[in-house]
Amino acid sequence: MTTARAHLTRDDLASLSREALGRAPAAVTRLRGGSKKGVYRLALDNGRSAIAYVWSPEEDYWGPVDADIRDPFAHASGLGLFLSAHDLLTELGVRTPRLLFADEDAVHLPAYAAVVEDVRGGSLEVLLRSDPGAARVPLSRLAGTLGVLRAHVAAGYGKAALVEEGGKPLGNSCEQVVADRAMRDIAEVAERDPRLREVRQALTERLHELYDAVEPRDHASLVHGELGPDHVLVTEEGDPALIDIEGLMYFDAEWEHAFLHLRFGAAYDVLRTADLDEDRMALYRLAMHLNLVAGPLRLLDGDFPEREPMRDIAESNLRQVLSLLRGAS
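Residues numbered from 1 in each chain as written. Predicted model: local features only at pLDDT ≥ 70, side-chain atom pairs only at ≥ 80, totals over all residues. Heavy atoms only, no water.

Draft legend 1. Seen up close, the overall build of the protein chain. Broken down by element type, the protein chain carries twelve helices and eleven strands. The C-alpha atoms of the protein chain give 20 Å as radius of gyration, which agrees with the globular expectation for 329 residues (20 Å, within 12%). Viewed in the frame of its principal axes, the protein chain has a C-alpha envelope of about 60 × 45 × 45 Å. Sorting the 329 residues of the protein chain into buried and exposed places 49% on the buried side. When contacts within the protein chain are restricted to residue pairs at least 6 apart in sequence, those whose partners lie at least 24 apart make up 66%. As displayed, the protein chain offers around 15700 Å² of accessible surface, 49% of which is attributable to carbon and sulfur atoms. Across the protein chain, 37 positive and 54 negative side-chain charges occur, with their mean positions spaced 4 Å apart. (Helix = DSSP H or I, 4+ residues; strand = E, 2+ residues; numbered from the N terminus. Rg over C-alpha atoms; globule rule 2.2 N^0.38 Å. Buried < 20%, exposed > 50% of the residue type's maximum accessible area, 1.4 Å probe, protein only. Contact = heavy atoms within 4.5 Å. Areas by Shrake-Rupley, 256 points an atom, 1.4 Å probe, with all protein chains shown as cover. Lys, Arg positive; Asp, Glu negative; His and termini not counted. Charge placed at Lys NZ, Arg CZ, Asp CG, Glu CD.)

See the structure below:
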């Protein structure tokens, strides 16, 4: 049985809170769902609250991983990536929780941390489920946000921080990076699950077919990378505020839309756009489902506490992979 991790307490976060908010918190709650960083609500005795992000090995359930910034899909975690993404989104007028303080020297904790605005309207995911009518405004505004991101292009691809600094990513194209990772995911999942092992050769051939059908492209758009409704908060004004922004990168808009379609379901119709490359979409759908099998299974090798939801994600996406393969035959 795995020992539960010791997360931060009110006393641990008192110094950070005093620096950012002028007083220590009256109460601290670690919010659920985070696997790469700790997310804590700091509640003050005057009714005010804020959110603390903490990046440390103790808060990262993925364990030691390759964080080579040249890899677009390398572990997207850390204060540096967060600040770079926050600055760029703010410059573009894209709403994200306002930055109140960044501890870039790890003065207040033995870890890098930031304190941001607490957007108390809840997530778009919860609103879509509880009140679809009320979700229409932030959903339509999110479509506008996606347009802003897509219009911001660069000649190269890769993590936003790398591209903004003129760095060169690994690989030769978005589609090649995606296909290479999908091949690794096939090999990894085949070792774990007999259903995929039985179709490994056919799946590999299908992946090559989809990759070969993609025509070259000379630009990349800004994308969030994992823009599910749980990564969109709703402000009091009904605006969408993007969170978990460390994975911001320049990439194909089709990658973003493959994920949007997967995560928003029927609500994706509001976000849909007509001018996407269907060959890229076909490759990216299959690759994304594969990664959403391999990634959760890898996470479950450790002590991530929310195990059943993660198993459900892996199982659901494995079924999608097999369905896409059957549909192609």
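Read on for the rest.
Draft legend 2. Representation of the nonpolar core within the structure. Within the largest apolar cluster, 78 residues are counted, with the highest numbers of intra-cluster contacts made by Phe82, Leu196, Phe251, Trp255 and Phe264. It is helix H11 (residues 278-299) that provides the largest number of residues to this core, a total of ten residues. Those residues in contact with phenylalanine 264 that lie beyond four places of it in its chain are Leu124, Leu128, Leu139, Leu142, Leu227, Gly228, Pro229 and Leu271. Residues Leu13, Ala20, Leu21 and Val115 belong to the second largest nonpolar core, which totals 15 residues. (Core = buried A, V, L, I, M, F, W, Y, C linked by side-chain atoms within 4.5 Å.)

Draft legend 3. The environment of histidine 108, seen in detail. Mapping histidine 108 onto the fold places it in the loop between strand E4 (99-103) and strand E5 (112-117). The class of histidine 108 is buried, set by a relative accessible area of 16%. Sequence separation between histidine 108 and serine 15 is 93 residues; the distance between their C-alpha atoms is 5.7 Å. A polar contact is formed between the side chain of histidine 108 and the side chain of serine 15, at a distance of 2.5 Å. (Polar contact = N/O pair within 3.5 Å; in protein donor to acceptor, adjacent residues only side chain to side chain.)

Draft legend 4. Representation of the sheet that holds strand E3 (residues 49-55) in the model. Read from one edge to the other, the open sheet built from five strands follows the order E1-E2-E3-E5-E4, with strand pairing classed as antiparallel. The sheet is open, and its two borders are formed by strand E1 (27-30) and E4, each paired with just one other strand. With direction set aside, neighbouring strand axes in the sheet form an average angle of 20 degrees. Pairing between strand E2 (residues 38-43) and E3: six bridges, direction antiparallel. Residue valine 39 lies in a different strand from E3, and its bridge partner there is tyrosine 53. (Pairing = 2+ DSSP bridges. Axes fitted to C-alpha atoms, helices over the stretch in contact; angles between N-to-C directions.)

Draft legend 5. A look at the pairing of E3. Within E3, seven of the seven residues are buried, which leaves it mostly tucked inside the rest of the structure. Between E2 and the antiparallel strand that follows it, E3, lie five residues; glycine 47 among them carries a positive phi value of about 90 degrees. Relative to E5, E3 runs antiparallel, the two being bridged by six bridges. Looking across to E5, one finds that tryptophan 55 is bridged to tyrosine 112.

Draft legend 6. The arrangement of the pattern of salt bridges in detail. Under the defined criterion, the tally for this structure stands at 30 salt bridges. Where lysine 37 meets glutamate 246, a salt bridge forms, and the shortest distance between an N and an O atom there is 3.1 Å. Taken together, the residues span a long stretch of sequence, with lysine 37 in the loop between E1 and E2 and glutamate 246 in the loop between strand E10 (240-242) and strand E11 (249-251) at a distance of 209 residues. Glutamate 246 carries the same exposure label as lysine 37, and that label is buried. We note a salt bridge from arginine 98 to glutamate 117, for which the minimum N-O separation is 3.2 Å. Of the two residues, arginine 98 is situated in the loop between helix H2 (79-91) and E4 and glutamate 117 in strand E5; the sequence distance between them amounts to 19 residues. Judged by its relative accessible area of 48%, arginine 98 falls in the partly exposed class. By relative accessible area, which is 18% here, glutamate 117 ends up buried. What you see here is one network of salt bridges that share partners, running through Glu175, Arg217, Asp252, Glu254, Asp277 and Arg280. (Salt bridge = Lys/Arg side-chain N within 4 Å of Asp/Glu carboxyl O.)

Draft legend 7. Quick peek at the packing of helix H6 (residues 174-192) against H11. Two elements in contact, H6 and H11, have axes whose closest approach is 8 Å; the angle formed by their N-to-C orientations is 40 degrees. In this view, H6 runs oblique relative to H11, as classed from their interaxial angle. Note that H6 runs across H11; the crossing there is left-handed. Where H6 abuts H11, its residues Cys174, Glu175, Val178, Arg181, Ala182, Asp185, Ile186, Glu188, Val189 and Arg192 lie against Arg280, Leu283, Tyr284, Ala287, Leu290, Asn291, Val293, Ala294, Leu297 and Arg298. Split by residue class, the contact of H6 with H11 holds twelve nonpolar, one polar and seven charged. (Parallel < 35°, antiparallel > 145°, perpendicular 65-115°, else oblique. Left-handed = near helix turned anticlockwise from the far one by under 90°. Nonpolar A, V, L, I, M, F, W, Y, C, P; charged D, E, K, R; others polar.)

Draft legend 8. Molecular detail of the pairing of strand E8 (residues 220-223). The pairing of strand E6 (residues 153-154) with E8 spans two bridges and is classified as antiparallel. Residue alanine 154 lies in a different strand from E8, and its bridge partner there is alanine 220. Relative to E11, E8 runs antiparallel, the two sharing three bridges. Bridge assignment links valine 223 to a residue of E11, and that residue is methionine 249.

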